[in-house]
Amino acid sequence: MKQALSLIALFAAMPALANETRQLDAHEHGVGELNIAIEGTTVLMEFHAPGADIVGFEYSAKSDSDRAAVEAAEVRLSAPLELFVMPEAATCTVKSAQAELEGEGGHDDHADEGHAEHQEEPTHTEFHAQYMLTCVAPDALTEISFVYFEAFPNAQEVEVQIITASGAKVFEVSRDAPTLALEH
Ligand SMILES: [Zn+2]
């Protein structure tokens, strides 16, 4: 329990996860970031991707179809096991999942439309998602298949950082090589 707490604290302290200080304009289009912490049967994941990768635009959603695209993306990003597919033998289930678009001044609140001129147009937006999974057999977690690239055609690469009891590792998973192999 003590170890689980310290890992989670470390995870929260990772620079990539510090949303408050994160610069949205520092992201690279085509490149997402996935942070994973594995402790026992608990798997925590945090994912960021440019709006350009996920919905193909980073301006404030204006039309109904823009808004529909954002909502559809949030729904898709809320199903982590369909995007980051884990071996069946690991028997992973989603305990919590949330996804949202960051960088929108007033979100898409209709009440704001009348005085949109007071809001700054975002030049960059990012989707952010957080997941908590339970994997009954974490030793069987030997690879993660990034079906994510099939779901989002503009995405080219994901920088992955994994923290386990044995330390932290960094990987690059790309559209051309969409499978992340994990050692145990
Ligand atoms: Zn951008």
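Just above, that's the structure.
These numbers were taken from a predicted model, which means no experiment stands behind them. (Residues numbered from 1 in each chain as written. Predicted model: local features only at pLDDT ≥ 70, side-chain atom pairs only at ≥ 80, totals over all residues. Heavy atoms only, no water.)

Q: Which parts of the structure should I look at to understand the pattern of salt bridges?
A: One side chain can pair with another of opposite charge once the charged atoms of both are near each other. Tallied over the entire structure, the rule returns one salt bridge. Among the salt bridges present, the one from Arg 67 reaches Asp 64, with a minimum N-O distance of 3.3 Å. With Arg 67 and Asp 64 both in helix H3 (residues 64-77) and three residues apart, the pair spans about one turn of that helix. Of the residues examined, Arg 67 reaches a relative accessible area of 12% and is grouped as buried. Owing to a relative accessible area of 59%, Asp 64 belongs among the exposed residues under this scheme. (Salt bridge = Lys/Arg side-chain N within 4 Å of Asp/Glu carboxyl O. Helix = DSSP H or I, 4+ residues; strand = E, 2+ residues; numbered from the N terminus. Buried < 20%, exposed > 50% of the residue type's maximum accessible area, 1.4 Å probe, protein only.)

Q: Help me out: how do you make sense of the sheet that holds strand E5 (residues 126-135) in this one?
A: Strands pair in a sheet through their backbones, by hydrogen bonds, and they do so in one of two ways: parallel or antiparallel. Spatially, six strands are ordered E4-E5-E2-E1-E7-E8 in an open sheet, and the strand pairing comes out mixed. Of all strands in the sheet, those with a lone pairing partner are strand E4 (92-102) and strand E8 (167-174), marking the two edges. Sheet twist, expressed as the mean angle between neighbouring strand axes with direction ignored, is 15 degrees. Relative to strand E7 (residues 157-164), strand E1 (residues 31-39) is paired through seven bridges, and the arrangement is parallel. Residue pairing across strands places Glu 33 opposite Glu 159, the latter belonging to E7. Its contacts with the sheet place H3 against strand E2 (42-50), E4 and E5, and it is angled at close to 25 degrees to E5. (Pairing = 2+ DSSP bridges. Axes fitted to C-alpha atoms, helices over the stretch in contact; angles between N-to-C directions. Contact = heavy atoms within 4.5 Å.)

Q: Help me understand the coordination of the zinc ion in this model?
A: Protein coordination at the zinc ion comes from His 27 (NE2), His 29 (NE2), Glu 58 (OE), Glu 58 (OE) and His 124 (ND1), with a distance range of 1.8 to 2.8 Å. Within one chain, the residues donating to the zinc ion are spaced in sequence as H-x1-H-x28-E-x65-H. Of the two residues, His 27 is situated in the loop between helix H1 (2-13) and E1 and His 124 in the loop between E4 and E5; the sequence distance between them amounts to 97 residues. (Donors = N, O, S within 2.8 Å, 3.2 Å for Na, K, Ca; no water.)

Q: What am I meant to see in the pairing of E8 here?
A: Moving residue by residue along a regular strand, the side chains alternate between the two faces of the sheet. As paired elements, E7 and E8 share eight bridges and run antiparallel to each other. Residue pairing across strands places Glu 157 opposite Ser 174, the latter belonging to E8. Hairpin remark: E7 followed by E8, antiparallel, with two residues in the connecting loop.

Q: Would you take a moment to explain H3 for this structure?
A: Structurally, the α-helix is built with 3.6 residues per turn, so residues lying three or four positions apart point the same way. Its 14 residues give H3 an end-to-end C-alpha distance of 20 Å, which sits within 8% of 20 Å, the value for a rise of 1.5 Å per residue. When we look at burial in H3, the residues that qualify are Asp 66, Arg 67, Val 70, Ala 73 and Leu 77. Down the axis of H3, the smallest arc covering the buried residues is 125 degrees, so these residues share one side. The outward face of H3, more than 90 degrees from its buried face, is lined by the exposed residues Asp 64, Ser 65 and Val 75. Contacts from the buried residues of H3 go to E2, helix H2 (51-54), helix H4 (80-83), E4 and E5. (Expected span 1.5 Å × (residues − 1). Arc of directions from axis to C-beta.)

Q: Is there a simple way to explain the nonpolar core in this structure?
A: Nonpolar side chains in soluble globular proteins tend to be buried together. By size, the foremost hydrophobic cluster in this structure holds 40 residues, and its most contacted members are Phe 47, Phe 84, Phe 146 and Tyr 148. Only E1, E2, H3, E4, E5, strand E6 (143-146), helix H5 (148-151) and E7 provide two or more residues apiece to this core. Other than its neighbours up to four places away in sequence, Phe 146 contacts Leu 34, Leu 83, Phe 84, Val 158, Val 160, Val 173, Pro 178 and Leu 180. (Core = buried A, V, L, I, M, F, W, Y, C linked by side-chain atoms within 4.5 Å.)

Q: Before we go on, may I ask you to explain the pairing of E2 in this structure?
A: For E2, a buried count of eight out of nine residues is recorded, marking the element as mostly surrounded by other parts of the structure. When E1 meets E2, the two strands line up antiparallel, connected through seven bridges. The residue bridging Leu 34 from the neighbouring strand is Phe 47, located in E2. In sequence, E1 turns back onto E2 through a hairpin of two residues, with Gly 40 there showing a positive phi of about 60 degrees.

Purely spatial values, then, with no claim about function.
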